[in-house]
Amino acid sequence: MRKPLLVALVAALPLFAACTENTDRSEAADGGESRTITVTSTDDGCDLSATEAPSGTLTFEVANKGSAVTEFYLLGEDGQRIVGEVENIGPQLSRELVVSAPAGSYVTACKPGMKGEGIRDDFTVTASDQEPTAGTDDAAVDQALESYEDYVQEQTEQLVDKTGQFVALYKAGEDDRARALYPDARTHWERIETVAESFGDLDPKMDAREADLEPGQKWTGWHRIEKDLWPPADGYQALSAKLTFTVDQVANGSRGLLEEVANGKVTGEEEIWSHTDLWDFQANVDGARVAFEGLEPIVEQKDPELADTLESRFAELQKLLDAQRAGDGFVTYDQLAQDEVQALANAVNALAEPLSRLTAAVLS
Amino acid sequence: MAAGAFAAGRATAADGEAPPAARDAFAFRGPHQSGIVTPAQDRLHFAAFDVTTGSRAQLVALLKAWTEAADRMMRGLPAGEIGPVEGSSLLPPDDTGEAIGLPASGLTITFGFGPTLFRDEQGRDRFGLAERQPSALHTLPHFPGDMLDPARSHGDLCVQACADDPQVAVHAIRNLARIGFGTVAVRWSQLGFGRTSTTSTSQSTPRNLFGFKDGTANVKAEEPDALDEHIWVAPEDVSGGAAWLAGGSYLVTRRINMRIETWDRQPLGDQEAFVGRTKGSGAPLSGGEEFTEPDFSMPGSDGPVIAQDAHVRVVHPDFHGGARMLRRGYNFVDGTDSLGGLNAGLFFIAFVRDPDTHFTPIQTAMAKSDAMMEYLKVTGSAVFAVPPGIGDGEYVGQALFEQQ
C-alpha cells in the first residue's frame with residue numbers, strides 16, 4: 001500500500017506526537033479551553049493564543065495566514081528535540097497538532113516557507129492532574145525496530161534462496177516440483193510485501209497480474225510463470241541491502257499487509273491460475289502480526305485496549321486460517337465454500353479496522 | 001400542489017397534450033442533445049443496448065419511435081399516445097404507469113451510438129454505416145488495473161436518462177426498452193444517485209463516495225468557448241462520412257468500483273495527499289479555497305506540497321495539453337458484494353470532443369501514476385458517439401442514416 005506521508009511524518013521519530021485533523025476533543029474539553037491553543041502563522045509571525053497550558057493532551061490549531069507552505073513544531077526545552085510537528089499547511093489552510101505533553105519548558109516554532117530555524121517562542125506546560133504517563137523509552141523502540149529489521153532480512157534471504165530454486169526447477173522442466181515450491185517461495189515475498197513495494201519497479205516486475213499491465217508492457221514475474229509461459233526476471237538482488245525502518249513505517253506496513261489481504265487474497269484475485277491464495281493470505285498475516293508484535297510493548301503502554309483487541313483479532317483470524325490447513329500448506333482457494341470465504345473476509349475486516357489505528361497509537 | 005397539474009397533464013395527454021409547467025421540463029429538440037450541458041440532475045438510469053435485428057429499416061423505425069417517446073416523456077407526458085390508464089381494458093397500456101402524478105422532474109434523455117453499431121467484431125458492416133464510423137469511435141484500449149466485466153461494458157446504442165426523481169429516470173429507460181423489444185435488447189444498465197459533478201456554475205460541487213468534492217474543474221454550461229474547444233465535435237473533426245457527428249460529442253462511461261472499506265481505513269492526511277485537496281473545503285493542498293487554482297510547484301516538506309501522484313495533479317489539464325472534459329458522473333451503490341463489502345463507486349460519465357485526445361491520455365496517466373488507483377477497480381467501460389440535437393420533425397440520428 002502507498003504511504004506518501006511516511007517520510008514527512010517520521011523524519012525525527014516524533015514519538016510523543018501525532019498530527020491530525022480529526023482528533024477526539026473530549027480530553028481537551030474536559031481540561032477546559034486552555035488545552036486548545038490557536039496558532040496563526042504568517043510570513044513573518046507566529047502568534048499563539050497562549051504561552052502556557054496545563055499538562056495533558058494539548059491541541060494546537062494552526063492556521064496559515066501567510067503566502068507559503070508553513071510548518072509548526074513543538075520542541076523540547078533544548079529547541080532541538082521534536083515533541084510534535086505538523087507539516088505541509090498550505091496558505092489559508094488549517095491543521096491541528098495534538099500532543100501529549102508533560103509539565104516542562106518547551107519551544108514553539110512556525111516555519112513559513114519551511115526555511116531556517118523558524119519563528120520561535122518559549123512555551124510552558126504546567127503540572128496538572130492530567131499529567132501524561134512517562135513516554136516510551138527509546139530502548140523499547142530500538143528493540144522493536146531491530147527485531148523487525150532482522151525479520152525482513154531473514155525473509156529476504158529465504159525469498160532469494162527459494163526463488164532461485166523455483167526458477168531452476170521451472171527451467172529444468174520439473175513442473176511438479178516447481179508447482180509445489182511456488183506458494184512456499186512466494187510466502188517470503190508476501191510477508192514483507194509492503195517493504196518490497198518500496199523498491200522502485202521491483203513490485204511491477206515481480207508481482208504484476210495480467211490485468212495490471214499497460215499496452216506494450218512486458219509481463220514478467222511470478223504470475224507470468226504462474227500462467228506457465230515465461231521465465232522470471234532477476235530482480236531480488238536489490239532487496240539484499242540492509243534496510244532500516246521507523247516505527248510508523250513498521251505500523252503502516254502492518255496495516256498495508258492486511259489491505260493486501262482484503263483487496264486481493266480474500267477475493268481469490270491474486271492467484272487466478274494456481275489458486276494458492278491462502279499461502280499469500282497467511283504470509284501477509286504473518287508479516288502484519290510480526291510488525292504488530294514488535295510494537296506491542298509500545299502499544300500496551302499507549303493504548304492497552306487496542307493492544308488487547310488486536311491480539312485477539314489476530315488470533316481469531318489465525319484460527320480460521322488454521323482450519324484450512326492441508327499437509328504443509330492450505331487447501332486451494334477454489335475449494336473454499338462461500339461461507340468460509342465470508343467468515344475469512346469478516347475476520348479480515350474485524351482486524352483491519354482496529355489495525356488502521358496502530359500507527360497513530362504508537363506515535364501518540 | 002404542482003404535482004396535481006402534472007398528473008392532469010398526463011391524464012389529459014390524449015386530448016390536447018396539455019404542457020406541464022416548464023420550470024422543470026427541458027426541451028428535447030435543439031442544436032445539441034439535452035443531458036450534456038443541462039445542469040446535472042440528481043439521479044441517473046443509464047442503459048446500453050445491443051441491436052438484435054439485421055434490418056436497417058427496423059432500426060430506423062425504432063429511432064423514430066424512441067424520438068417520439070423521449071420527446072413526450074421529457075414534457076412529463078406518458079410514453080405512448082394513449083396513456084397508462086386511458087386505453088382499452090383488453091390491452092396492456094402503452095405507458096407503464098409508475099410516473100402517474102409525477103412531474104417531468106428535469107428528465108433528459110440522451111442517445112448515443114457505439115462502435116459495434118457500425119462494424120461487428122469481425123469488422124463487417126452491419127447496417128451499411130461502416131464508412132460513416134468516426135475515426136475516434138473505437139473501443140478504448142486496456143488500461144492497467146481494468147477488470148472489465150463484459151456484461152457491464154460496451155454496447156451498440158446507449159440511452160442516458162437523468163432526472164431529479166429516480167422513478168422518472170427508471171420509467172424512461174423501462175418504456176424505451178419496452179418499445180425496443182424485437183429490435184434491441186438491454187445489454188447492461190446502471191442506476192446512479194447523487195451527481196458527482198456540476199455542469200453549471202449555479203450548482204455547488206457535490207461529493208463522491210470517498211467523501212471528497214469532485215468535478216471542481218469541470219467544463220460548465222456557462223463557458224461557451226470551452227464547450228466548443230473541448231466538448232462539441234467540430235465540422236473539421238469529422239470530414240467525409242462522419243460529418244453527421246458535427247455538433248455532437250463523444251460519451252465515455254467507466255464503472256469505477258471503489259474499495260470502500262480499505263479507503264475508510266486510510267488516515268485523513270493520507271486521503272488528502274492521494275487526492276491533493278482537503279477533504280473539508282476541497283481546497284487544493286497548495287492553499288486557498290475550493291476554486292483556487294492548484295499550485296503544483298509550491299514546495300512542501302518532502303517534495304511539492306501537492307504530491308507527484310496526487311489525483312488532482314495527475315489528471316489536471318495543465319499536464320494534458322489543456323484538455324478538459326465535461327464530467328457528468330454519478331455515485332452508485334449496487335448493494336453489497338458476496339463478501340459483505342459495498343458494491344459501490346463512481347459511474348463515470350464524460351462528454352468530450354475526441355476520446356483519443358481528451359480521455360485516453362488522461363486515463364492512461366491516472367492508471368499509471370495516480371495514488372487513488374490503489375483504491376479503485378474499473379469494472380465497466382464503454383464509448384459512444386452522441387449525435388447532435390434535432391429539429392422539429394426529425395428523429396434522433398437522422399443525419400447518420402440519411403446523410404447524402
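Bear in mind that the values here come from a model prediction, so they are computed numbers and not experimental data.

(A) Local environment of the pairing of strand 8 (residues 94-101) of chain A. Residue and element names in this part refer to chain A. For strand 8, a buried count of six out of eight residues is recorded, marking the element as mostly surrounded by other parts of the structure. Inspection of the sheet shows strand 5 (residues 56-64) paired to strand 8 by eight bridges, in the antiparallel sense. Bridging from a neighbouring strand, Glu-61 pairs with Glu-96 of strand 8.

(B) Just the sheet that holds strand 6 (residues 70-75) of chain A, in detail. Residue and element names in this part refer to chain A. Here we have five strands laid out as an open sheet, ordered 4-10-9-6-7, and mixed in their pairing. Of all the strands in the sheet, just strand 4 (52-54) and strand 7 (82-89) have a single pairing partner and so form its edges. With direction set aside, neighbouring strand axes in the sheet form an average angle of 20°. Across seven bridges, the pairing between strand 9 (residues 104-110) and strand 10 (residues 119-126) is antiparallel. Directly across from Ala-109, in strand 10, lies its bridge partner Arg-120.

(C) Structural view of a negative patch on the surface. Together, Asp-138, Asp-142, Glu-146, Asp-150, Glu-154 and Glu-157 of chain A make up a region of like negative charge exposed at the surface. Turning to its location among the elements, Glu-157 of chain A is positioned in helix 3 (residues 138-171).

(D) Spatial organisation of unusual backbone geometry. All names here are of chain B. The residue Ser-105 is not glycine, and still its phi comes out positive at about 55°. Its place among the elements puts Ser-105 in the loop between helix 2 (56-74) and strand 2 (108-113). When its relative accessible area of 7% is taken as the criterion, Ser-105 is described as buried. Of note in this structure, His-154 is not a glycine but carries a positive phi near 65°. Here His-154 shows up in the loop between helix 3 (115-118) and strand 3 (157-163).

(E) Here's a closer look at the interface of chain A and chain B. Contact residues are listed per partner, giving 42 residues for chain A and 40 residues for chain B. Summed over both sides, the interface of chain A with chain B buries roughly 3200 Å², with 52% coming from carbon and sulfur. There are four salt bridges connecting chain A and chain B. For the salt bridge of Asp-270 of chain B with Arg-255 of chain A, the shortest nitrogen-to-oxygen distance reads 3.7 Å. For the interface between chain A and chain B, the tally reads 13 residue pairs in polar contact (both at pLDDT 80 or more). Within the residue set of the side of chain A that touches chain B, elements represented by two or more residues are helix 1 (6-10), strand 7, helix 8 (247-265) and helix 11 (338-355) of chain A. When residues of the side of chain A that touches chain B are assigned to their parent elements, the largest contribution, eight residues, is made by helix 11 of chain A.

(F) Representation of helix 2 of chain B within the structure. All names here are of chain B. With 19 residues, helix 2 should cover 27 Å at 1.5 Å per step; its first-to-last C-alpha distance of 27 Å lies within 8% of that length. Looking at helix 2, one finds that the buried residues are Leu-59, Val-60, Leu-62, Leu-63, Trp-66, Thr-67, Ala-69, Ala-70, Asp-71, Arg-72, Met-73 and Met-74. The N-cap of helix 2, judged by a side-chain oxygen 3.3 Å from the amide nitrogen of Ala-57 a few residues on, is Ser-55. Remark: Gly-76 follows helix 2 within two positions and exhibits a positive phi of approximately 85°.

Cut-offs applied
Residues numbered from 1 in each chain as written. Chains lettered and ligands numbered in written order. Predicted model: local features only at pLDDT ≥ 70, side-chain atom pairs only at ≥ 80, totals over all residues. Heavy atoms only, no water. Buried < 20%, exposed > 50% of the residue type's maximum accessible area, 1.4 Å probe, protein only. Helix = DSSP H or I, 4+ residues; strand = E, 2+ residues; numbered from the N terminus. Pairing = 2+ DSSP bridges. Axes fitted to C-alpha atoms, helices over the stretch in contact; angles between N-to-C directions. Patch = residues over 30% accessible without salt bridge, like charges linked within 9 Å, V, L, I, M, F, W, Y side chains within 5 Å. Areas by Shrake-Rupley, 256 points an atom, 1.4 Å probe, with all protein chains shown as cover. Salt bridge = Lys/Arg side-chain N within 4 Å of Asp/Glu carboxyl O. Lys, Arg positive; Asp, Glu negative; His and termini not counted. Charge placed at Lys NZ, Arg CZ, Asp CG, Glu CD. Contact = heavy atoms within 4.5 Å. Buried area = accessible area lost by both parts, 1.4 Å probe. Polar contact = N/O pair within 3.5 Å; in protein donor to acceptor, adjacent residues only side chain to side chain. Expected span 1.5 Å × (residues − 1).

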